[in-house]
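As a plain string of letters, each chain reads:
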Amino acid sequence: MKSIKIFSVCLAALLGLSSCASSWLDQELTGGSLTQEEYNSMSNVTVGTVKGIYSSLYLISDHDLFGQKSIDLATDLVSADLAMTAQAYGWFTTDAQRLTSYRTSYIWSLYYGMIMNANAVLRTLDHKASLTNDEKGAYAQALAIRAFCYYNIANLYGPAAGDFSTPSVYGKKGMGADYDVAPYYTQNDTNSAGLVKEKPLESYITIRKNVNDDLDLAIEYFDDCGFQRSSKLFIDGNVARAIQAYNCLQMGWASDDQADVYKKGLDRAKEVINSGEYEMLSLNDVTTTGFVDVNNPSWMWGLDVTAENYGGLASFWGHMDIHTYSYAYAGATKGCDDVLFKQIPRDDKRREWFDTTKKYIPDWKFYDLKRGVTADEIDRDWKNDLVYMRIEEMYLVASECAYNLGDVVTSKSMLKELLKERIIGYTDSKVDGWSNDELIAQLYYNWRIEMFAEGRGLITFKRFYQYGADFQMKKVGNNNFAISGQDVHGNDYQILYIVPSSEVVNNSEIAD
């Protein structure tokens, strides 16, 4: 009989994933060994397994390895928009130094672990003659989870947009659309023993296309079964549309059919906006929410942090909020790069996010609502929520996709909707007068400020490389202890995550 190794959801939640582990392909996965028949026959296994996969988004392996938000912080540090203002305790130091080799095995293991579990769900449901609505919802989520993981792998292990000159680290091809990124595994990629096959690296554009295909099918299933999620932690139809809008924005430059890809990205972003499910954070609330509550109407996707899933010291809040008892409170602060801060106009409400007396830390963007000035007033519960995606991003995606389509009117109109809620005394006339060069510069600026410390810094930097020299290099400010005053480039090898050496050694399908 065929046997298949699967993650035990409970054990995975308890043990997490090790950043020092060898290739996930060459080790027994955490959990038991079941026959395929036993796995297929388990009651409600698919729905339960899908719910368990989401725990990987916040599993803790170490004090700088705590799931998606640790990757968000790390990549924002690598982009240099987020500055580590002092070297203390060691956590995230290598990321601040732009040494991506430290984290590459962790990222690889995290996303491929989720992919493996998603494929197990899909494989099981593929064996069924018909699916209930609950199972269709599980199928859609598994597809969307796999797509989300590969979307991120392409972002981090793929090249800067439009860079066809830098040689591949594998010595075969230029960067570009054909750059070798990662193996792509589906639910069908098991051998006769039920174990995952070794597969070669697929190109950047191939992975992007596969992500789009997965999301098309996921959205079809979501719509067909009328999926209603019980928590914002779970991906639903709108979140799947948002991930696809992002993927189209990220892949457009590498596509033969650029117009179609950007049009799809624009349409998907508009579908989310026009659903009316989410409401942009208003001008009056830019500095009042602390970004602490998953019930915030602008949050599309996020985690309700409770006593059962909180991270304590090892958490986003522990590293970013000086009002939470942890590393930032004890001096290991992170702030806005001071060169970037100086670009914020005084009529931009977001300028108030940053404390000019404390090296531009985001003291009024991420903060505990019970904030105080003494030790007795510091949050010691660590239960502030985590945001993975919010509606403001869709306005930026839509605007940039429209720009790439040459539709300046739509691009400006989408950006206007955001600026109305960010600029004090805003009027349309200033935006109407922008040239194309001013428009793309404003898009770059708004990506960097609006999404500050939310994990979009590196992909923004790499994506804007395609728009010319004004966006291909940035000067690092003086409040970054690790790389103060340096020039950083969007196609540096330092900001390209490389396939872990253990994967290359243990996967015979990967060339030297």
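The shown structure was predicted, so the numbers you read here are calculated from the model rather than taken from an experiment.

About the criteria used
Residues numbered from 1 in each chain as written. Predicted model: local features only at pLDDT ≥ 70, side-chain atom pairs only at ≥ 80, totals over all residues. Heavy atoms only, no water. Helix = DSSP H or I, 4+ residues; strand = E, 2+ residues; numbered from the N terminus. Expected span 1.5 Å × (residues − 1). Buried < 20%, exposed > 50% of the residue type's maximum accessible area, 1.4 Å probe, protein only. Phe/Tyr/Trp six-rings, centres within 6.5 Å; stacked < 30°, edge-to-face > 60°. Lys NZ or Arg CZ within 6 Å of the ring centre and 35° of its normal. Contact = heavy atoms within 4.5 Å. Patch = residues over 30% accessible without salt bridge, like charges linked within 9 Å, V, L, I, M, F, W, Y side chains within 5 Å. Areas by Shrake-Rupley, 256 points an atom, 1.4 Å probe, with all protein chains shown as cover. Salt bridge = Lys/Arg side-chain N within 4 Å of Asp/Glu carboxyl O. Pairing = 2+ DSSP bridges. Axes fitted to C-alpha atoms, helices over the stretch in contact; angles between N-to-C directions. Parallel < 35°, antiparallel > 145°, perpendicular 65-115°, else oblique. Left-handed = near helix turned anticlockwise from the far one by under 90°. Nonpolar A, V, L, I, M, F, W, Y, C, P; charged D, E, K, R; others polar.

(A) Highlighting helix α13 (residues 392–404). If you check α13, its first and last C-alpha atoms are 19 Å apart, about what 13 residues at 1.5 Å a residue would give, namely 18 Å. Most of α13 is tucked away: twelve of the 13 residues are buried. Glu392, Glu393, Met394, Tyr395, Leu396, Val397, Ala398, Ser399, Glu400, Cys401, Ala402 and Tyr403 are the residues of α13 that are buried. Following α13 by one or two positions, Gly406 adopts a phi angle in the positive range, close to 80°.

(B) Highlighting the packing of aromatic side chains. Applying the stated criterion to the full structure yields 36 aromatic pairs. Pairing Trp108 with Tyr157 gives two aromatic rings, centres 5.2 Å apart and planes at 70°, and the pair type is edge-to-face. Separated by 49 residues along the polypeptide, Trp108 in helix α6 (residues 104–126) and Tyr157 in helix α7 (residues 133–157) bring together distant segments of the chain. Feature note: the residues Phe291, Phe316, Trp317, Phe341, Trp353, Phe354, Tyr360, Phe366 and Phe452 constitute an aromatic cluster, connected by ring pairs. Sitting above the plane of the Phe316 ring, Lys69 keeps its charged end 5.1 Å from the centroid. Against the face of Trp364 rests Arg371, its NZ or CZ located 3.7 Å from the ring centre.

(C) Just the side chain of Ser79, in detail. Mapped onto the fold, Ser79 is located in helix α4 (residues 68–79). Not counting the four nearest positions on each side in its chain, Ser79 is found in contact with Gly457, Leu458, Phe461 and Lys474.

(D) Summary view of the side chain of Ser70. One can find Ser70 in helix α4. Ser70 gets classed as buried once you look at its relative accessible area, which sits at 0%. Ignoring any residue separated from it by four or fewer positions in sequence, one finds Ser70 in contact with Asp64, Leu65, Phe92, Arg103 and Tyr106.

(E) Spatial organisation of the environment of Ala177. Among the structural elements, Ala177 can be located in the loop between α7 and β4 (180–182). Classification of Ala177 by relative accessible area gives buried; the value is 12%. Note: C-alpha distance between Ala177 and Met251 (74 residues apart in sequence) is 8.6 Å. If near-sequence neighbours (up to four positions away) are discounted, Ala177 is found in contact with Phe164, Ser203, Tyr204, Ile205, Trp253 and Ala254.

(F) Geometry of a nonpolar patch on the surface. Taken together, Leu313, Tyr325 and Tyr329 make up a surface patch of nonpolar side chains, about 240 Å² in accessible area. Position of Tyr325 relative to the elements: it lies in the loop between α11 (316–320) and β7 (334–336). For Tyr325, a relative accessible area of 34% puts it in the partly exposed group.

(G) Molecular detail of unusual backbone geometry. If you check the backbone angles, Phe291 has positive phi at about 55° while not being a glycine. Along the chain, Phe291 falls in the loop between α10 (258–274) and β6 (299–303). The buried category is assigned to Phe291, whose relative accessible area is 3%. Positive phi values are uncommon outside glycine, yet Trp382 reaches one of about 55°. Here Trp382 is to be found in the loop between α12 (338–341) and β8 (386–390).

(H) Fine view of the pairing of β6. In terms of residue burial, β6 counts as a mostly covered element, since five of its five residues are buried. Across four bridges, β6 lies against β8 in antiparallel orientation. Its bridge partner being in β8, Trp299 is matched across the sheet by Arg390.

(I) Layout of the environment of Tyr329. The topology assignment puts Tyr329 in the loop between α11 and β7. Take Tyr329: its relative accessible area is 32%, and that puts it in the partly exposed class. Ignoring any residue separated from it by four or fewer positions in sequence, one finds Tyr329 in contact with Asp321, Ile322, Thr324, Ala375 and Ile378.

(J) Quick look at the packing of helix α8 (residues 204–225) against helix α9 (residues 237–251). The geometry of α8 relative to α9 is characterised by a closest axis approach of 9 Å and an angle of 160° between their N-to-C directions. Taken together, α8 and α9 sit at an angle that is classed as roughly antiparallel. Here α8 and α9 pass one another in a crossing that is left-handed. Within the contact between the two elements, α8 uses Tyr204, Ile205, Arg208, Lys209, Val211, Asn212, Leu215, Asp216, Ile219, Phe222 and Asp223 and α9 uses Gly237, Ala240, Arg241, Ile243, Gln244, Asn247, Cys248, Gln250 and Met251. Of the residues belonging to the contact of α8 with α9, the class tally is ten nonpolar, five polar and five charged.

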